[in-house]
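# Chain and residue survey
The chain contents come next:
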Amino acid sequence: MIIRQEICVGCGRCHPYCPTHAIHFQDLKSAVDQEVCYECGCCLRAEICPVEAIEDSPQVYDYPRALRKYFSDPNATHALTGIQGRGTEESKTNDVTLRVGPGEVGIAIEVGRPNIGMNLTNIQKITRALARAGIHEIEPNNPFQDMIQDHSTGDLKPELMGERVLSAIIEIQVKRDRLRHILRTIKEVAREVDSVFCLDVYTLLEPGLTVPPEVLEIIESEGLSWRPNAKINLGLGRAWERKNS
Ligand code: SF4
Ligand code: SF4
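This section reports on the structure supplied with the text. (Residues numbered from 1 in each chain as written. Chains lettered and ligands numbered in written order. Predicted model: local features only at pLDDT ≥ 70, side-chain atom pairs only at ≥ 80, totals over all residues. Heavy atoms only, no water.)

Its twelve residues place the ends of helix H6 (residues 179-190) 16 Å apart at the C-alpha level, agreeing with the 16 Å of an ideal helix rising 1.5 Å per residue. Considered for burial, the residues of H6 that qualify are Leu-179, Ile-182, Leu-183, Thr-185, Ile-186 and Val-189. Axial view of H6: buried residues confined to an arc of 160 degrees, hence all on one face. The inward-facing, buried residues of H6 abut strand S5 (104-111), helix H4 (121-132), strand S10 (168-175), strand S11 (197-202) and helix H7 (213-221). (Helix = DSSP H or I, 4+ residues; strand = E, 2+ residues; numbered from the N terminus. Expected span 1.5 Å × (residues − 1). Buried < 20%, exposed > 50% of the residue type's maximum accessible area, 1.4 Å probe, protein only. Arc of directions from axis to C-beta. Contact = heavy atoms within 4.5 Å.)

Spelled out as structure tokens, the structure:
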């Protein structure tokens, strides 16, 4: 994002809208620190500038900077997947896609929310830890599928290391008997991650609409608290029929 210096009157109204304090005073005007800005668009969407001095930078869609916008601006469509909202919807739509089937669990690691953000080096710490734990594949419709340079090591493409995003999600799926090992891996790498993150564990419900007790036992015995969150499938996806036809 940029602020046009020849127009800005230095009123400061835009400052509180920036989640990362990238907007600062400079010579009685306001300016955006381009290193710090996530390109989230909050300052522009708020429509609070009395002189319309805030606008997208001409470089906002240049690679790799464009990734800041794709991961941080909820209105941006991610170029790598064509999906809004951090470029993925897989964990939310599993009842329709049925990628995570019976006997499996999906794990989504959501880093940076709320409003903390992070450098992508933190994502690499996690993808490397997962690779060491034997996870060499992530969800194919997740943007990190293309952003990881070497799936055997979890290394991201080197040009991404200077980029910052407001939030990103890594999604994987494993057999249930590997859940405990992966949770321990994530707990261990959490100490190195310079941001906040939450962990989603998702699974199909058992007959009777109960969460598989085996999954809950593993989560609780690893000292993690959990909060149920359901997505309602109205039957329109008919995932079971497609899977079994
Ligand atoms: S786009 Fe977001 S991070 Fe950048 S200056 Fe505006 S509010 Fe701050
Ligand atoms: S709201 Fe507009 S005029 Fe006021 S400081 Fe921000 S950019 Fe400048």
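There's more to say after this.
Quick look at the site of ligand 1 now. What surrounds ligand 1 is a group of 14 residues, the closest being Cys-18, Cys-37, Cys-40, Gly-41 and Cys-43. Of the residues belonging to the shell around ligand 1, the class tally is eleven nonpolar, two polar and one charged. (Near = heavy atom within 4 Å. Nonpolar A, V, L, I, M, F, W, Y, C, P; charged D, E, K, R; others polar.)

Attention shifts here to the site of ligand 2. Around ligand 2, the neighbouring residues are Ile-3, Cys-8, Val-9, Gly-10, Cys-11, Gly-12, Cys-14, Ser-30, Cys-49, Pro-50, Val-51 and Ile-54. For the shell around ligand 2, the per-class residue count stands at nine nonpolar, three polar and no charged.

Time to look at the packing of H4 against H6. Look at H4 against H6: their axes get within 10 Å of each other, and the N-to-C directions meet at 145 degrees. In terms of crossing hand, the pair formed by H4 and H6 is right-handed. Across the interface between the two elements, Lys-125, Ile-126, Ala-129 and Leu-130 of H4 pack against Ile-182, Thr-185, Ile-186 and Val-189 of H6. Split into classes, the residues belonging to the contact of H4 with H6 amount to six nonpolar, one polar and one charged. (Axes fitted to C-alpha atoms, helices over the stretch in contact; angles between N-to-C directions. Left-handed = near helix turned anticlockwise from the far one by under 90°.)

So, about the packing of aromatic side chains. Summed over the entire model, instances satisfying the criterion amount to two aromatic pairs. On the basis of an interplanar angle of 35 degrees and a centroid distance of 6.2 Å, the ring pair of Tyr-61 and Tyr-70 is categorised as tilted. (Phe/Tyr/Trp six-rings, centres within 6.5 Å; stacked < 30°, edge-to-face > 60°.)

Before going further, it helps to spend a moment on the sheet that holds S5. The three strands lie next to each other as S10-S5-S11, forming an open sheet whose pairing is antiparallel. At either margin of the open sheet sits one strand with a lone partner, and together these are S10 and S11. When strand polarity is set aside, the average angle formed by the axes of neighbouring strands in this sheet is 20 degrees. Taken together, the six bridges between S5 and S11 define a ladder with antiparallel strand orientation. Residue Gly-106 lies in a different strand from S11, and its bridge partner there is Tyr-202. Along the sheet face, H4 touches S5 and S10 and points at about 10 degrees away from the line of S10. (Pairing = 2+ DSSP bridges.)

Ranked by internal contacts, the top residues of the largest apolar core, which has 37 residues, are Ile-123, Leu-130, Phe-144 and Ile-182. Broken down by element, this core gets its largest block of residues, five residues, from H6. Ignoring sequence-local partners within four residues, the contact set of Leu-130 consists of Ile-109, Ile-135, Ile-170, Ile-172, Ile-182, Thr-185 and Ile-186. By size, the runner-up hydrophobic cluster in this structure holds 13 residues, among which are Ile-3, Cys-14, Ala-22 and Ile-23. (Core = buried A, V, L, I, M, F, W, Y, C linked by side-chain atoms within 4.5 Å.)

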